Amino acid sequence: AILLCFRRYLLVALASCLLWNTSGLSAAVDSRPNILLFLADDLGIGDVGCYGNNTIRTPNIDRLAREGVKLTQHIAAAPLCTPSRAAFLTGRYPIRSGMASSNRYRALQWNAGSGGLPANETTFARLLQQQGYTTGLIGKWHQGVNCESFDDHCHHPLNHGFDYFYGMPFTLLNNCQENKPPELDAALQAKLRLYSQIITLTVLTLIAGKLTGLISIRWTIIACFTLAGGLFFISWYSSYGFVQYWNCVLMRNHNVTEQPMRLERTASLMLKETVSFIKRNRHGPFLLFVSFLHVHTPLFTTAKFRGKSSHGLYGDNVEEMDWMVGEILDSLDKEGLKNHTFTYFASDHGGHLEAQDGSAQLGGWNGIYKGGKGMGGWEGGIRVPGVFRWPGVLPAGTVIDEPTSLMDIYPTVVHLAGGILPQDRVIDGRNLVPLLTGRVQKSEHEFLFHYCGSYLHAVRWHQKDSGAIWKAHYVTPAFHPSGAGACYGRGICPCFGEGVTHHDPPLLFDLSRDPSEANPLSADTEPLFDTVIRQIGRAIEEHRRTLTPVPEQLSVYNIIWKPWLQPCCGTFPFCWCDKEGDNTPAY
C-alpha cells in the first residue's frame, strides 16, 4: 500500500512538473515583446529636450526617456545615412558588408544604381522573421533596390527580412521639392551644365562662321559636333534633369505608388501606414521599423507645424516628427500594447551643420560636441540620441553613460525574440539587455572604430578599470573656411585627400573629462599618453585582421544611374503615377 501511494505521488508530481514546464514555455514564448524602432534622419543630439534642448518641443521623445532608459554615449557606426543604416540593420561595421566607400560618393545616389545591402547580409528583420515575428518597415530605406534588372529587387527590404514595406526606397533631397536648389551631386551638375553651354556656344559659333564665310569648315564636321554635343547633353540630363521622377518615389512592397511623390501628404501617409500596421498585427509579435524621412532637407513640413517653433523650418520639422512619435505611441496604448512593446528612438548620425539657406540653418544642432554629419571621427557626427522603453522591464528614468552603438540593436532585438546570432560572421554589436535592465553596470564595448567611408579616422577605448574613455584621432577633416567648425565651403567634409589632416602622433582626448574634444592631450600633459596610443594601435591591428575583402557596393560603377534598373510605375521612361489618390487622411 505504501509502495502504491508512493507511485501515485510520483505520477502526480511528474504530471505537475510537465504542466508547469509547458505553461512556463508558453509564457516564455508569449513574453516576447513587440519591437518598435524609431530612427530619425540627420537629427542632432542637441535637438531633443531630454538631451538639453529647451527651445524645440519634443514632449513625446522626452516621455520615452522619462518612462525608460536614456543613453548619453550612443554612437553611430558611420556619419552618413547609407553606411550607418547598413550597420544598424546588420550589427556590423559597414566596411564588412562593402557599404563603406573609398571614393567621394559615400551614400547611394540613385534608386537605379546597382549597389546596395548585399543579399548575403543577414538583417535583424530576417532573424526575427524566422522567430515568427511579422516584420515591417515604414519610411526611408536607402539601401538599394535592384542589381541587374528593374524588377530583381535584390537589395529591396522584402529581400532582407521585411514582410511589409511602405516608403521611400531612397532618401529625401532638395530635388524632391519644387523651387529648391539641387542637392544631388550639385557641383557635378554645375560642371556638366557649363560644358553643355560651351559645346552649344562652339556649335553656334561654327555655324555663324560658316554662314558668313569667316570660317572654312565642312557642314559634316559641324553636324558631328552638334551630334556629339547633343549626345553629351542627353547622357547627363536624362538622369540629373529628372531626379524628382527617378529618386523621389513611394513604394508599397514591390510596387511604385507615387512617382514623383507629393510631399504635402507624405507625413500623413507614413503615419497612416504605421498605425495600420500596429492595428493589423496587434496580436503580435511584430517588429516595426519606423524610419522617418524627417529631418532631412528639404524639411517639408505640413501647414499645422510651419512657423510654430523657435528655430525656423528645421525646428518645425523636428516638432512635427515628435508629434508623429506621439501619435504612434498613442496607437500602442489604444491597442493595449504599451507594456508589451520594446520601443527605441535614435538618429542615424549627427546633424548636418553645412545645410543652410542664406542665414537660415537647415541642419541640426549637436550640442556641446564638435563636428557633424559626414565627419567620421568628431563626436558631433556620430553621437546621437538613444532612448529605450519597456514598462515593467526597463527601469524608468534611468540614464546610462556607457559607450554603446547603433549596431547593438541587432543582437539586442535578436535576443529579445529568442533568436540566435549568425555564427559565420563577425557581429560587432553587443546585447544591451543586461546593461539596460541594470544587471551589469559596464558596456561590453572596449574599443569602437570610427570610419569615414572606408578610412579609419578615430578609435575610442573604454578603459573600464579607470573609467577613462580615450579617443585617438588619426585623421580629421580640414574645416572650410579654416576654424569654422564645419566644411561650409564644401557642403560636407571629405574623408581623404586634400580636405583632411593626418595626425602622427594622433590627437588624443579623454572624453570622460573633455567630451567636447577641445583640449588634445600630449606626452607632456598626459603621463599615460604613450601607453594609450600603443594600446589603441594594437587594437587597430587586431581589428584589421578580422576584415575580409568584399565587393564595394558604393563604387562609382555601382552608384551611377542605370536606366534599366529604374523603378517605374509605367513603361520607362514614362514613369509617373499617383495611386494614393484621395485616400490621404487629414490631420
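Residues numbered from 1 in each chain as written. Predicted model: local features only at pLDDT ≥ 70, side-chain atom pairs only at ≥ 80, totals over all residues. Heavy atoms only, no water.

- In the annotation of an unreviewed UniProt entry, the protein is listed under the name ARSD Arylsulfatase and assigned to Pterocles burchelli.
- The Sequence similarities (unreviewed entry) field of the UniProt record for the protein holds the comment "Belongs to the sulfatase family."
- On record in UniProt, under Cofactor (unreviewed entry), the comment for the protein is "Ca(2+)". (UniProt positions renumbered as here; feature names shortened; annotations may be inferred.)

Concerning the overall build of the protein
1) Next: Scanning the protein from terminus to terminus reveals 15 helices and 18 strands.
2) Next: A compact globule built from 587 residues would reach a C-alpha radius of gyration of about 25 Å, and the protein, at 27 Å, matches this within 12%.
3) Next: The principal-axis extent of the C-alpha atoms belonging to the protein is close to 130 × 65 × 50 Å.
4) Next: By the burial criterion, 56% of the 587 residues in the protein qualify as buried.
5) Next: A fraction of 74% describes how many contacts in the protein between residues 6 or more apart in sequence connect residues 24 or more apart.
6) Next: Total accessible area on the protein stands at roughly 24900 Å², and carbon and sulfur atoms take up 58% of it. (Helix = DSSP H or I, 4+ residues; strand = E, 2+ residues; numbered from the N terminus. Rg over C-alpha atoms; globule rule 2.2 N^0.38 Å. Buried < 20%, exposed > 50% of the residue type's maximum accessible area, 1.4 Å probe, protein only. Contact = heavy atoms within 4.5 Å. Areas by Shrake-Rupley, 256 points an atom, 1.4 Å probe, with all protein chains shown as cover.)

Section: the environment of Asp316
1) Next: With respect to the secondary-structure elements, Asp316 resides in helix H10 (residues 312–334).
2) Next: The exposure class of Asp316 is buried, given its relative accessible area of 3%.
3) Next: Considering only alpha carbons, one finds Asp316 and Asp42, 274 residues apart in sequence, at a separation of 14 Å.
4) Next: The residues contacting Asp316, other than those within four sequence positions of it, are Thr301, Phe305, Arg306, Gly307, Lys308 and Ser309.

Considering the domain arrangement of the protein
1) Next: Under the domain assignment, the protein is made up of domain 1 (34–172 + 248–565) and domain 2 (186–241).
2) Next: The gap between the C-alpha centroids of domain 1 and domain 2 is 45 Å.
3) Next: Each partner contributes to the interface: domain 1 provides four residues, whereas domain 2 provides four residues.
4) Next: Approximately 320 Å² of surface area, both sides summed, lies buried where domain 1 meets domain 2, with 69% of it carried by carbon and sulfur atoms.
5) Next: For the pair domain 1 and domain 2, the number of links is zero salt bridges.
6) Next: Along the contact surface separating domain 1 from domain 2 lie zero residue pairs in polar contact (both at pLDDT 80 or more). (Domains from an automatic or database assignment. Buried area = accessible area lost by both parts, 1.4 Å probe. Salt bridge = Lys/Arg side-chain N within 4 Å of Asp/Glu carboxyl O. Polar contact = N/O pair within 3.5 Å; in protein donor to acceptor, adjacent residues only side chain to side chain.)

Some details on unusual backbone geometry
1) Next: The step from Thr297 to Pro298 runs through a cis peptide bond, and the omega angle for that step is 15°.
2) Next: Looking at the element boundaries, Pro298 is found in the loop between strand S7 (286–291) and H10.
3) Next: Omega for the peptide link from His480 to Pro481 comes to 0°, which places this bond in the cis form.
4) Next: The topology assignment puts Pro481 in the loop between strand S16 (468–477) and strand S17 (500–510).
5) Next: Positioned with a positive phi, Asn179 is a non-glycine residue whose angle comes to about 65°.
6) Next: Structurally, Asn179 is set in the loop between strand S4 (164–168) and helix H6 (186–212).
7) Next: Its identity as a non-glycine residue notwithstanding, Glu517 has a phi of 50°, on the positive side.
8) Next: Among the secondary structure elements, Glu517 is positioned in the loop between S17 and helix H14 (529–545).
9) Next: We classify Glu517 as buried; its relative accessible area is 0%.

Some thoughts on a nonpolar patch on the surface
1) Next: On the surface, Val556, Tyr557, Ile560 and Trp564 cluster together into a nonpolar patch covering about 430 Å² of accessible area.
2) Next: Tracing the sequence through the fold places Trp564 in the loop between helix H15 (556–559) and strand S18 (577–578). (Patch = residues over 30% accessible without salt bridge, like charges linked within 9 Å, V, L, I, M, F, W, Y side chains within 5 Å.)

Quick word on the sheet that holds strand S15 (residues 455–463)
1) Next: Within the open sheet, the four strands sit side by side as S14-S15-S16-S17. Their pairing is antiparallel. Each edge of the open sheet carries a strand with a single partner, namely strand S14 (447–452) and S17. Between one strand axis and the next, the sheet turns by 15° as a mean value, whatever way the strands run.
2) Next: The pairing of S15 with S16 spans six bridges and is antiparallel. Its bridge partner being in S16, Arg460 is matched across the sheet by Lys471. (Pairing = 2+ DSSP bridges. Axes fitted to C-alpha atoms, helices over the stretch in contact; angles between N-to-C directions.)

Observations concerning the nonpolar core
1) Next: Among the nonpolar cores identified, the biggest contains 65 residues, and Phe38, Leu43 and Phe345 are the most heavily contacted of them.
2) Next: Setting aside chain neighbours within four positions, we find Phe345 in contact with Phe38, Ala40, Leu43, Ile61, Leu64, Phe292, Met321, Val325, Pro385, Gly386 and Val387.
3) Next: Counting 46 residues, the second-largest nonpolar core is a separate cluster that includes Leu39, Phe124, Phe165 and Ala346. (Core = buried A, V, L, I, M, F, W, Y, C linked by side-chain atoms within 4.5 Å.)

A closer look at the UniProt feature "domain: Sulfatase N-terminal" (unreviewed entry) in the protein
1) Next: In this numbering, the UniProt entry assigns the feature "domain: Sulfatase N-terminal" (unreviewed entry) to residues 33–418.
2) Next: The span residues 33–418 is 34% helix and 16% strand, and its two end C-alpha atoms sit 10 Å from each other.

Description of the packing of aromatic side chains
1) Next: Tallied over the full model, the rule gives 23 aromatic pairs.
2) Next: On the basis of an interplanar angle of 90° and a centroid distance of 6.1 Å, the ring pair of Phe574 and Trp576 is categorised as edge-to-face.
3) Next: A relative accessible area of 53% means that Trp576 is categorised as exposed.
4) Next: An aromatic cluster is built from Phe88, Phe124, Phe289, Phe342, Tyr344, Phe388 and Trp390, whose rings are joined through pairwise contacts.
5) Next: Positioned above the aromatic ring of Tyr557, the side-chain terminus of Lys562 is 4.2 Å from the ring centre. (Phe/Tyr/Trp six-rings, centres within 6.5 Å; stacked < 30°, edge-to-face > 60°. Lys NZ or Arg CZ within 6 Å of the ring centre and 35° of its normal.)

Examining the state of the cysteines
Throughout this description, disulfide means a covalent bond between two cysteine sulfur atoms.
1) Next: Taken as a whole, this structure holds six disulfides when the rule is applied.
2) Next: The disulfide partner of Cys452 is Cys495, and the gap between their sulfur atoms is 2.1 Å. Between Cys452 and Cys495, the S-S torsion sits near -70°, and that sign places the bridge as left-handed. Residue Cys452 is found in strand S14, and its partner Cys495 is found in the loop between S16 and S17; the two are separated by 43 residues along the sequence.
3) Next: Judged by its relative accessible area of 0%, Cys452 falls in the buried class.
4) Next: The buried category is assigned to Cys495, whose relative accessible area is 5%.
5) Next: Cys568 shares a disulfide with Cys575; S-S distance 1.9 Å. Taking the torsion about the S-S bond as the criterion, the Cys568 to Cys575 disulfide, at about -105°, is left-handed. (Disulfide = S-S within 2.5 Å.)

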